[in-house]
Amino acid sequence: MDKATQTMIDNLHKNTGKTLEQWIKIVSNEKFEKHGEIIKFLKEKHDFSHGFANLVAHKSRASDAGSAENTDDLITAQYQGKEHLKPIYDKLISEIMSFGNDIEIAPKNAYVSLRRIKQFATLNPATKTRFEIGINLKGQEPSDRLEAEKPNAMCSHKIQITDINAIDSEVIKWIKLAYDNAK
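Being a predicted model, the structure only gives us computed values, none of them experimental. (Residues numbered from 1 in each chain as written. Predicted model: local features only at pLDDT ≥ 70, side-chain atom pairs only at ≥ 80, totals over all residues. Heavy atoms only, no water.)

## Remarks on the side chain of Arg115
Examined against the element boundaries, Arg115 turns out to sit in strand β2 (residues 112-115). Classification of Arg115 as buried rests on a relative accessible area of 16%. Among the polar contacts made by the side chain of Arg115, one reaches the side chain of Ser113 at a distance of 3.5 Å. (Helix = DSSP H or I, 4+ residues; strand = E, 2+ residues; numbered from the N terminus. Buried < 20%, exposed > 50% of the residue type's maximum accessible area, 1.4 Å probe, protein only. Polar contact = N/O pair within 3.5 Å; in protein donor to acceptor, adjacent residues only side chain to side chain.)

## Examining the pattern of salt bridges
Opposite charge on two side chains makes pairing possible when the charged atoms of those side chains draw close. The final tally for this structure, using the stated rule, is 9 salt bridges. Close ionic contact of Lys158 with Glu132 constitutes a salt bridge, the shortest N to O distance being 3.9 Å. On the criterion of sequence distance, the pair formed by Lys158 in strand β6 (residues 157-161) and Glu132 in strand β4 (residues 131-135) is long-range, its members being 26 residues apart. A salt bridge links Lys176 to Asp180, with the shortest nitrogen-to-oxygen separation between them at 2.8 Å. Pair noted here: Lys176 and Asp180 are both in helix α7 (residues 169-181), with a separation of 4 residues, about one helical turn. Judged by its relative accessible area of 29%, Asp180 falls in the partly exposed class. (Salt bridge = Lys/Arg side-chain N within 4 Å of Asp/Glu carboxyl O.)

As structure tokens, this is what we get:
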């Protein structure tokens, strides 16, 4: 389990007086079928913030990345029906891992987070035809290839890739800059 999730679980207990396991039992007793129903219940009936409600909803349904027994399965699932984009991921991971030995690869349900001390990039097979690289470069002016991300997104910029040949020195330079800034 990553540190951020553990901190949220600890704070859930501090803020509510109940453990995650107790909240999971409360939610299970309600027999909700959908994630959104759990969030609505916790927010409306128990004054949860969205973040805590989402944590309990995911943990109660074992639908979060932390509940996966094998994180390789998460990556495999991301490329279901998008197998032709997997070589882009493989090439990027190979290049990125050459930056240093302090990189954490953290697969999620829909993308892979790359962290040093903090997240510096995400790798995401966004659609069947497009791969997105999210990059944290706050304050960096966008360029033709380095697009500004919408406000409050997980990353400040993104690069869209449709072909493995689009991974060139410019793309690697932007990712390396984000890596260097994430110390």
